[in-house]
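# A look at the structure
What follows is the residue order along each chain.
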Amino acid sequence: MDAETATKALRLATGSCETVSAVAPLSGGVSNLTYLLTLFSGARLVMRTPPPGQRSGNAHNMIREARVLEAVHPLFPEAPAIVGYSEDPSATGDQFMIMAQIDGRILPPGSPFEVSPDQARTLCENFVDGLARLHEADLTDAVRAAFGDPQGFVARQVAGWSRRYEKIGLDNPRSALRDWLSANIPPDPDRASILHNDYKFDNMVLDRDDPTRIIGVLDWELSGLGDSFMDLGNALAYWVEAGDPHALQRFKRGPTDLPGMMSRDEIIDAYCTARGFDRPANMNFYQSMGLFRLAVIALQVHVRVAGGVGKPSPFLDAALALLDRAEDFAGV
């Protein structure tokens, strides 16, 4: 992406006369291409475009993500504000979206993060508060139009991730786990919630002056509308504690093992308290499903980086550990 292309895209999407003076790629994501645009006026924006190559379904769908953010940002300010988007390929060769930059600190996996135990605890409380506020947000007409029908969300997730697992071709079919998940799908909740579906520290922006304050939540590509405890289960799957196996420590996506950080059980209790709920009797389902989903994601990355399912990699080790833990929660 060069400044001339970015300028053309900005003008196409917004109708403005602004000119982009510099473009810098932003690292951290493994899915879509993300660029920081600096304008001659001094303002800075972020552009997201799909990677080259074929894609299926809603994968890398910038227009869907932009419409989701348009609907969610007024209800949940940590979601980036959309500046413009376009399906016209004349500027970038593909669809794209442009959003306001959230200027703060992002924590790539493995990056140093020094906080006191009290600060770590406060960060966890803010982590839970943000997720609870998102799940309590009003389901406006714009939200329903952006996401579609929430009915059957959990069943679709179980079936979809099971198909992805089968497609990878791992020797162990984990049939008992997948059968248990299919047999224990909870009924649709009385009220659906907006789900981020990838709520973890490396998708967050922290205040540069206050490392306990979350000012942005990024990457809404996987977001949906459905059972809020699915979102909690997905977040817990990423939550690696200090005593967890080495394979999971290597797959850690945030500083969740630091002194003062809440345990997974404390996160569940804090979330249920924030929403005025009792802890669900079937919380094991949500944790097992979150772990199974993350294991499939790890396997997909493994196949891509290792060049085949049968070759060794840290992602394969992590996936197998996640699958083992999912089976523990399922009791199979």
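For the structure itself, look to the data block above.
Notes on the structure follow. Every chain begins its residue count from 1, and numbering advances along the sequence as written. Note on the predicted model: pLDDT of at least 70 is required for a residue's local features to be given, and 80 or more for side-chain atom pairs to be given and counted; whole-chain, interface and lining totals, by contrast, use all residues. With hydrogens and water stripped out, all remaining heavy atoms of the structure feed into the side-chain values.

## Re the overall build of the protein chain
Labels follow the DSSP assignment, with helices taken as runs of H or I lasting at least four residues and strands as runs of E lasting at least two, numbered in each case from the N terminus. In terms of helices and strands, the protein chain carries 11 helices and 10 strands. Atoms counted for the radius of gyration: C-alpha only. Globule rule: 2.2 Å times the number of residues to the power 0.38. The C-alpha atoms of the protein chain give 20 Å as radius of gyration, which agrees with the globular expectation for 332 residues (20 Å, within 12%). For the protein chain, the C-alpha atoms occupy an extent of roughly 60 × 45 × 40 Å along the three principal directions. In the protein chain, 68% of the contacts between residues at least 6 apart in sequence involve partners at least 24 apart. We call two residues in contact whenever any of their non-hydrogen atoms come within 4.5 Å of each other.

## Some points on the layout of surface pockets
In this analysis a 1.4 Å probe is tested at points of a 1 Å grid over the protein atoms alone, and where it fits but cannot get out there is a cavity; an open set with protein on both sides within 12 Å along at least five of seven lines is a pocket; lining residues have an atom within 4 Å of a point. Grid points are joined across faces, edges and corners, and a volume is the space filled by probe spheres set on the points. Taken as a whole, the second largest pocket encloses approximately 280 Å³ of empty space. Taken together, 16 residues make up the lining of the second largest pocket; nearest its centre are Pro-189, Asp-190, Asp-227, Phe-229 and Phe-277. Each residue gets one of three labels, nonpolar for Ala, Val, Leu, Ile, Met, Phe, Trp, Tyr, Cys and Pro, charged for Asp, Glu, Lys and Arg, and polar for the others, Gly among them. For the lining of the second largest pocket, the residue count by class is seven nonpolar, three polar and six charged.

## Quick notes on the packing of aromatic side chains
Centre distance and the angle of the planes are the two values used to describe a pair of aromatic rings. For this analysis, a ring pair means two rings from Phe, Tyr or Trp (six-membered ring only for Trp) whose centres lie within 6.5 Å, classed as stacked if their planes differ by under 30 degrees, edge-to-face if by over 60, and tilted for the remaining angles. One pass over the full model with this rule turns up 12 aromatic pairs. For the ring pair Phe-229 and Tyr-286, a centre distance of 5.6 Å and an interplane angle of 35° mean the geometry is tilted. Residue Phe-229 is found in helix 7 (residues 228–237), and its partner Tyr-286 is found in helix 10 (residues 283–306); the two are separated by 57 residues along the sequence. With respect to class, Phe-229 is no different from Tyr-286; both count as buried. Connected via pairs of aromatic rings, a cluster forms that spans Trp-180, Phe-229, Tyr-271, Phe-277, Phe-285 and Tyr-286. Partly exposed residues are those whose accessible area sits between 20% and 50% of the maximum for their type, while under 20% is buried and over 50% is exposed, using a 1.4 Å probe and protein chains only.

## A look at empty space enclosed by the protein
Here the structure, examined in full by the defined rule, presents three cavities of 30 Å³ or more. Each pocket or cavity is described by its volume, and for the largest cavity that value is around 50 Å³. Lining of the largest cavity is provided by Gly-233, Leu-236, Ala-237, Trp-239, Arg-264, Gln-287, Leu-291, Arg-325 and Phe-329. A total of three residues in the lining of the largest cavity trace back to one element, the largest contributor, which is helix 7. Here the residues of the lining of the largest cavity sort into five nonpolar, two polar and two charged.

## Section: unusual backbone geometry
The backbone of Asn-197 sits at a positive phi, close to 75°, despite the residue not being glycine. Among the secondary structure elements, Asn-197 is positioned in the loop between strand 7 (193–195) and strand 8 (204–206). Residue Asp-219 is not a glycine yet carries a positive backbone phi of 60°. Tracing the chain through its elements places Asp-219 in the loop between strand 9 (214–217) and strand 10 (224–226).

## Things to note about the pairing of strand 3 (residues 44–49)
Put simply, side chains in a regular strand alternate between the two faces of the sheet. In terms of residue burial, strand 3 counts as a mostly covered element, since five of its six residues are buried. When DSSP finds two or more bridges between a pair of strands, those strands are recorded as paired. Taken together, the six bridges between strand 2 (residues 33–39) and strand 3 define a ladder with antiparallel strand orientation. Residue pairing across strands places Tyr-35 opposite Met-47, the latter belonging to strand 3. Here strand 2 hands over to strand 3 after four residues, with Gly-42 in that stretch at a positive phi of 100°. As judged from the four bridges shared by strand 3 and strand 5 (residues 96–100), these two strands associate in the antiparallel manner. Looking at the pairing, Val-46 lines up with Met-99 of strand 5.

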